[in-house]
Amino acid sequence: MIDYSQFMLENGLQVIVSTDTATPMVAFNILYNVGAKDEHPDKTGFAHLFEHLMFGGSVNIPSYDEPLQKAGGENNAFTNNDFTNYYMSIPRQNLDTAFWLESDRMLDLAFSEKSLDVQRQVVIEEFKQRYLNQPYGDFWMLMRPFVYKAHPYQWSTIGKDISHIENATMDDVRTFYHKFYHPKNAIVSVVGNITEAEVRSLCNTWFAPIIKGEPYMRNIPKEPMQHERRNLSVERDVPFDMICKAFHMCARMDNDYYATDMLSDILSNGNSSRLYNTLVKEKKLFSEVDAHISGDIEEGLFIFSGKLIKGITMEQAEAAIDEEIERIKNIPIPEHELNKIKNKIESNMIFSNESILNRALKLAISTLLGDTEMVNTETEKYLQVTAADIQQMANNILIDSNCSALYYHAKK
Amino acid sequence: MIDRTQAPELHLIDRLEIASPEIAHLDNGIPVYMFNSGKLDIAKIDFLFDAGSRYQQHPLTARFANKMLSEGTQSYSAFQIAEHMDYYGAYLGKMAFKDTSVVSISLLNKHLEQVLPVLAEIINQPTFPEKELLNLAKRGKQAFIDDQQKVSELAAMHFNQQVFGKNHSYGKLIEANDFDHLNAEYLRDFHQQYYLPDTCKIVVSGKLPETLLPLLNQHFGTSKSTTTLNSSFGNFSLDSGSKKDFIPMPKSVQSAIRIGGISISKSHADYHKLFILNAILGGYFGSRLMKNIREDKGFTYGIYSALVSFQQSGMFFIITEVGSGVCHKAIDEIYGELKKLREEPVSLHEIDLVRKYLSGGILRSFDGPFQTSERFKNLLELNIDFKNYYANLINTLNTITPEQLLETAQNYLVEGTMFELVVGKKMES
């Protein structure tokens, strides 16, 4: 159970506060409602590049990191397809430094050419390190445009192509900033040794004077229903074959989300899960195998992926995955197995509330989703799911016409 | 109107109260260190054994003895164990390091009674079934071969051998065919010799119920050691490789760089000074290496320096992956930063910055029972007194001078003692 209170400033900034006096620290989280899905198809990778530029100095403060380090704080950020999130933990006595820094970079940026030049390079090196210089590193670069034909989930946060980052101009940066980085498009959550009154007062000082921006109206194409199975084969310089089957599934706030998530748990959460025991241990077809959901806010993916044991063919591997799919579609899930998954979910929820940073992130995301109280009600939603609900999801989603299969062959 | 150009005044942060663990002993003498705090009804229990890779006679024995603990016991199959842990939402962790091996469990307190008996079997009565070993070994080999494609993994694996030597207990390299020669008998012997109650230490943290200690005693307090440990076991004679080494990965678009060598460990009197110096060099986002090589030149996504302590030695190294074309330049810059620390005193401004940053970091790293027990465990593995260590660190942090840092750099960051390894495309030179 997370106790919290929330309020909104006149400029539209949403704020959530949760007090925890057991810690000497405060977690400060600020989420901007802009992700890779909001990018122009010819300027992809921008939300993420921009996240880097947010550390290049703001209008009144030349360096973001140094004052925070002086205050004993630590920070980082990440970008995904749905949003961009900045977070820090700071000793409670210096929380005003966090408000000073974060409000100034919401007010206006420094827009330094040097910062843009360097961060372009840094992001290009990140692109190489994570996507090009790793075996199977291009997996998502292949999968996304294969699975999504209209929706902007078809590109990764790093971007479609390095050239998009190379060609980013200062004008692009400014336009992007003014469109997305303003109070109405942000959510602040503060968790730790601090009261609501203190946070209110800090918000009034630092964030309230920032002018309300133009509300961003998200208008992105919906992914059309897939009617036919798709296959894609590639050959790469990797040691072992890999197979992936992706299926379209519901959005994060859809009521079916919970049963779908549990379907992936039954198949592949933990060493007693079905795929691990049948495909890895008994049949010895895979060195590793996994089923998981992408967890995206809009309609996402249910993904099977596995690396084949040397000597096993793609046909054998796929047939074994399909057999597990048929099993869960046709044979009712035993009660013991369902309870096991529910216990695991309960445990996982409790452990995930241990860190103040995690609590702050959960509060921000649930607010973005439009239901802050989700942080406390989600466990119950999972517990209400029945075996029949999960089986129904398998029958709805895991069908051939909804499948996109990627065969990732090792070069002979 | 507020003046946004003025930073808010900085305040004194909380003094770190280093919580000493409560200590108890099980009937067979196993010490139990308890950090009892937190609001959530959860606990973490760590079992530490002097059963790291330095004690093994054959490659991979320590790692697979540890991995295989939960693959079958006197009364339970691998599946039954996994099923039991999953059913009670318990997270079983197993890790083998160079000196020690660890088994951990994180769980809701209400399931302690169901989980501990099975955990006791895992630790005390594993059977190491051949069938499970074959499966794990085959998969381990594939993962190893995958890793050989990554410049950073290759660099990490080979650097220790380069520094310590191929027969040294901290330097020995794993090869793909080592996975083919794994033998259940070796694992059984290793378990019997090294998973000893005599060398076992238990660290528990969380909101600990009264029933915990009696339960631990019931399940772990009766076994007795059958042999005694030879704690000096291992080969620690140095047989270092060449100072500069290169592993070609012709298709690579980035090169992994490691530069460093043997260094002092946490038990050395100068360690805290070197710890602060390391932070300045490459220990945080605002470090000199990060500022120069990432934030000024854009050569890399990240560059760090680190100190690692073993029971019998220590290491210092710098690690990064840079664009293939700028590898030479990056290496020159790295040596330049080391030289600067040896020749120019660090400014008081920079010392003040790193002091405040590290003070916040220390406070953060003790936030909650799990964090605290993690810090404690790291020192326990090295047999270093917890309270003293942190009292000294905080004291050194508050009093360190530019002169001391200069001297520390001159003693411990000597270019002539450094090893250099590059994995990637052949450099133009």
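Along every chain, residues carry numbers that run from 1 in the direction the sequence is written. Chains and ligands are labelled sequentially in the order written, the chains with letters from A and the ligands with numbers from 1. Whole-chain, interface and lining totals are the exception, using all residues; otherwise, since this is a predicted model, local features are given only for residues with pLDDT of at least 70 and side-chain atom pairs are given and counted only at 80 or more. Note that the side-chain values use all heavy atoms of the structure and ignore hydrogens as well as water.

K.L.:
It is not clear to me how the interface of chain A and chain B should be interpreted in this structure. Could you clarify?
P.N.:
How big an interface is tends to be stated in terms of accessible area lost as the parts join. Chain A puts 78 residues into the contact, and the matching count from chain B is 69 residues. Joining two parts hides part of their accessible area as seen by a 1.4 Å probe, and the buried area is that hidden amount summed over both. Summed over both partners, the interface of chain A with chain B comes to about 6600 Å²; 54% of that surface belongs to carbon and sulfur atoms. Salt bridges are defined by distance alone: a side-chain nitrogen of Lys or Arg within 4 Å of a carboxyl oxygen of Asp or Glu. For the interface between chain A and chain B, the tally reads 11 salt bridges. A salt bridge links B:Asp146 to A:Lys307, with the nearest nitrogen and oxygen atoms 3.1 Å apart. Whenever a nitrogen or oxygen atom comes within 3.5 Å of another N or O atom, the pair is scored as a polar contact, on the condition that within protein one atom can donate a hydrogen and the other can accept it, and that pairs from neighbouring residues in sequence are kept only if both atoms are in side chains. Taken together, the links from chain A to chain B amount to 41 residue pairs in polar contact (both at pLDDT 80 or more). Here the side of chain A that touches chain B gets 11 residues from one element, more than from any other, and that element is helix α4 (residues 113-132) of chain A. Tallied by class, residues from the side of chain A that touches chain B come to 26 nonpolar, 30 polar and 22 charged. Whether two residues are in contact is decided by their heavy atoms: any pair within 4.5 Å suffices. In DSSP terms, a helix is any run of H or I states spanning at least four residues, a strand is any run of E spanning at least two, and both are numbered starting from the N terminus. Lys, Arg, Asp and Glu make up the charged group, whereas Ala, Val, Leu, Ile, Met, Phe, Trp, Tyr, Cys and Pro make up the nonpolar group; the residues left over, Gly among them, are polar.

K.L.:
Sorry, what's going on with the environment of B:Gln148 here?
P.N.:
All names here are of chain B. Positionally, Gln-148 belongs in the loop between α4 (130-147) and α5 (151-164). Each C-alpha atom, one on Gln-148 and one on Ala-176, is 9.5 Å from the other, the two residues being 28 residues apart in sequence. Excluding its chain neighbours within four sequence positions, the residues that come into contact with Gln-148 are Leu-154, Met-157 and Met-249.

K.L.:
Would you explain the domain arrangement of chain A in this entry?
P.N.:
Residues and elements named next belong to chain A. Where a domain begins and ends is set by an automatic assignment or by a domain database. Taken as a whole, chain A is organised into domain 1 (5-206) and domain 2 (230-410). The distance between the C-alpha centroids of domain 1 and domain 2 comes to 29 Å. Every contact between the two is made by 37 residues of domain 1 and, on the other side, 35 residues of domain 2. Its largest share of buried area at the contact with domain 2, domain 1 owes to Tyr-136, Phe-146 and Val-147, together 23% of the area lost on that side. Summed over the shared surface of domain 1 and domain 2, the number is 3 salt bridges. In this structure, Glu-298 and Lys-37 form a salt bridge, with 2.8 Å as the shortest nitrogen-oxygen distance. At the junction of domain 1 with domain 2, the criterion picks out 15 residue pairs in polar contact (both at pLDDT 80 or more). Of all elements in the fold, only β2 (14-19), β3 (25-32), β5 (84-91), α5 (139-147) and β6 (186-192) reach the threshold of two or more residues within the side of domain 1 that touches domain 2. The greatest single-element share of the side of domain 1 that touches domain 2, amounting to 6 residues, is contributed by α5. For the side of domain 1 that touches domain 2, the residue count by class is 21 nonpolar, 11 polar and 5 charged.

K.L.:
Explain the packing of helix α9 (residues 257-268) of chain A against helix α12 (residues 335-352) of chain A here, please?
P.N.:
Residues and elements named next belong to chain A. Only the stretch in contact is used when fitting a helix axis, every axis being a line fitted to C-alpha atoms; angles between N-to-C directions are given from 0 to 180 degrees. Relative orientation of the contacting elements α9 and α12 amounts to 110°, with a least axis distance of 10 Å. Considering the angle they form, α9 stands roughly perpendicular to α12. Between α9 and α12, the contacting residues are Met-262, Asp-265 and Ile-266 on the first element and Glu-337, Leu-338, Ile-341, Lys-342 and Ile-345 on the second. Classifying every residue of the contact of α9 with α12 by side-chain character gives 5 nonpolar, no polar and 3 charged. An angle counts as roughly parallel when it lies under 35 degrees, as roughly antiparallel when it exceeds 145, as roughly perpendicular when it falls between 65 and 115, and as oblique in every other case.

K.L.:
Would you mind going over the packing of aromatic side chains with me for this structure?
P.N.:
Any aromatic ring pair is given by two values, namely how distant the centres are and how the planes are angled relative to each other. All names here are of chain A. Here the aromatic set is Phe, Tyr and Trp, taking the six-membered ring for Trp, and pairing holds for ring centres within 6.5 Å; pairs whose planes are under 30 degrees apart are stacked, those over 60 apart are edge-to-face, and all others are tilted. Counted by the stated rule, this structure contains 51 aromatic pairs over all chains. When the ring of Tyr-86 is compared with that of Tyr-181, the centres are 6.4 Å apart and the planes differ by 75°; the resulting orientation is edge-to-face. Here Tyr-86, found in strand β5, pairs with Tyr-181, found in the loop between α7 (170-180) and β6; they are 95 residues apart in sequence, far enough to count as distant. This pair shows no difference in class: Tyr-86 is buried, exactly as Tyr-181 is. On the basis of an interplanar angle of 75° and a centroid distance of 5.4 Å, the ring pair of Phe-139 and Trp-140 is categorised as edge-to-face. Here Phe-139 falls in the buried class, since its relative accessible area comes to 12%. For Trp-140, a relative accessible area of 28% gives the class partly exposed. Within the aromatic cluster, the residues linked to one another by ring pairs are Tyr-32, Phe-46, Phe-50, Phe-55, Tyr-64, Tyr-86, Phe-111, Phe-176, Tyr-177, Phe-180, Tyr-181 and Tyr-216. A simple rule labels every residue: compare its accessible area, found with a 1.4 Å probe on the protein chains alone, to the largest value its type can have, and call it buried under 20%, exposed over 50%, or partly exposed in between.

K.L.:
Can you walk me through the nonpolar core in this structure?
P.N.:
Nonpolar side chains in soluble globular proteins tend to end up buried together. The set of buried Ala, Val, Leu, Ile, Met, Phe, Trp, Tyr and Cys residues whose side-chain atoms join them within 4.5 Å is what this entry labels a nonpolar core. Within the largest apolar cluster, 75 residues are counted, with the highest numbers of intra-cluster contacts made by B:Ile334, B:Leu338 and B:Leu413. The contacts of B:Leu338, once residues within four sequence positions are left out, are B:Leu281, B:Phe316, B:Ile318, B:Leu413 and B:Met418. Residues A:Phe7, A:Tyr86, A:Met170 and A:Val173 belong to the second largest nonpolar core, which totals 59 residues.

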